[in-house]
Amino acid sequence: DYCASFFPIYKVETIGDSYMVVGGLPELTEGHTEAVADFALLVRRVVHSVQGMAPIRLRMGIHSGPVAAGVVGNRMPRYCLFGDTVNTASRME
């Protein structure tokens, strides 16, 4: 979340060791693809700078395409993304 705070991106979800973000939503931003790529590069630098007992292995992927988005839920509303682009990106794990 720290790295994401530097860019106009939206964190979609964290599941296990997977972290998914989207650029250009919930508001359209110029250069959203560059923001996602720059975010990934920053995460890579930060993770590799961590000193520990064993090296941290990191895999990243970037996928682009159309999505449908909206708020789902009454008691606990949540901004969600849907579509083949989201499904493909989640399977990149």
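Our subject is the structure listed above.
Now for a look at the structure at hand. In this text the structure is predicted, and so the values were computed from the model without any measurement. (Residues numbered from 1 in each chain as written. Predicted model: local features only at pLDDT ≥ 70, side-chain atom pairs only at ≥ 80, totals over all residues. Heavy atoms only, no water.)

1. Observations regarding helix H1 (residues 32–49)
When the terminal C-alpha atoms of H1 are compared, their 26 Å separation across 18 residues agrees well with the 26 Å that a helix rising 1.5 Å per residue should span. If you check which residues of H1 are buried, you get Ala35, Val36, Phe39, Ala40, Leu42, Val43 and Val47. The buried residues of H1 occupy one face: seen down the axis, they fall within an arc of 165°. Contacts made by the buried residues of H1 are with strand E1 (9–15) and strand E2 (18–23). (Helix = DSSP H or I, 4+ residues; strand = E, 2+ residues; numbered from the N terminus. Expected span 1.5 Å × (residues − 1). Buried < 20%, exposed > 50% of the residue type's maximum accessible area, 1.4 Å probe, protein only. Arc of directions from axis to C-beta. Contact = heavy atoms within 4.5 Å.)

2. Details of the pairing of strand E4 (residues 78–82)
Both strand E3 (residues 68–72) and E4 contribute to a ladder of five bridges, which runs antiparallel. For Gly70, the partnering residue across the bridge sits in E4 and is Cys80. What sits between E3 and E4 in their antiparallel hairpin is a turn of five residues, with Gly73 showing a positive phi close to 110°. (Pairing = 2+ DSSP bridges.)

3. Describing the environment of Gly70
Checked against the element boundaries, Gly70 lands in strand E3. Sequence separation between Gly70 and Pro26 is 44 residues, and the spatial gap between their C-alpha atoms is 9.0 Å. With sequence-adjacent residues up to four places away left out, Gly70 is seen in contact with Arg78, Tyr79 and Cys80.

4. Concerning the packing of aromatic side chains
What characterises a pair of aromatic rings is the spacing of the ring centres plus the angle enclosed by the ring planes. Scanning all chains against the criterion turns up four aromatic pairs. Here the aromatic rings of Tyr2 and Phe6 are separated by 5.0 Å at their centres, their planes lie at 85°, and the arrangement is edge-to-face. With a relative accessible area of 48%, Phe6 lands in the partly exposed category. Within the aromatic cluster, the residues linked to one another by ring pairs are Phe7, Tyr19 and Phe39. (Phe/Tyr/Trp six-rings, centres within 6.5 Å; stacked < 30°, edge-to-face > 60°.)

5. Here we look at the pattern of salt bridges
Considering all chains together, one arrives at one salt bridge under this definition. One salt bridge connects Asp1 with Lys11, and the closest N-O pair in it is separated by 3.2 Å. Of this pair, Asp1 sits in the segment before E1 while Lys11 sits in strand E1, and the two are 10 residues apart along the sequence. (Salt bridge = Lys/Arg side-chain N within 4 Å of Asp/Glu carboxyl O.)

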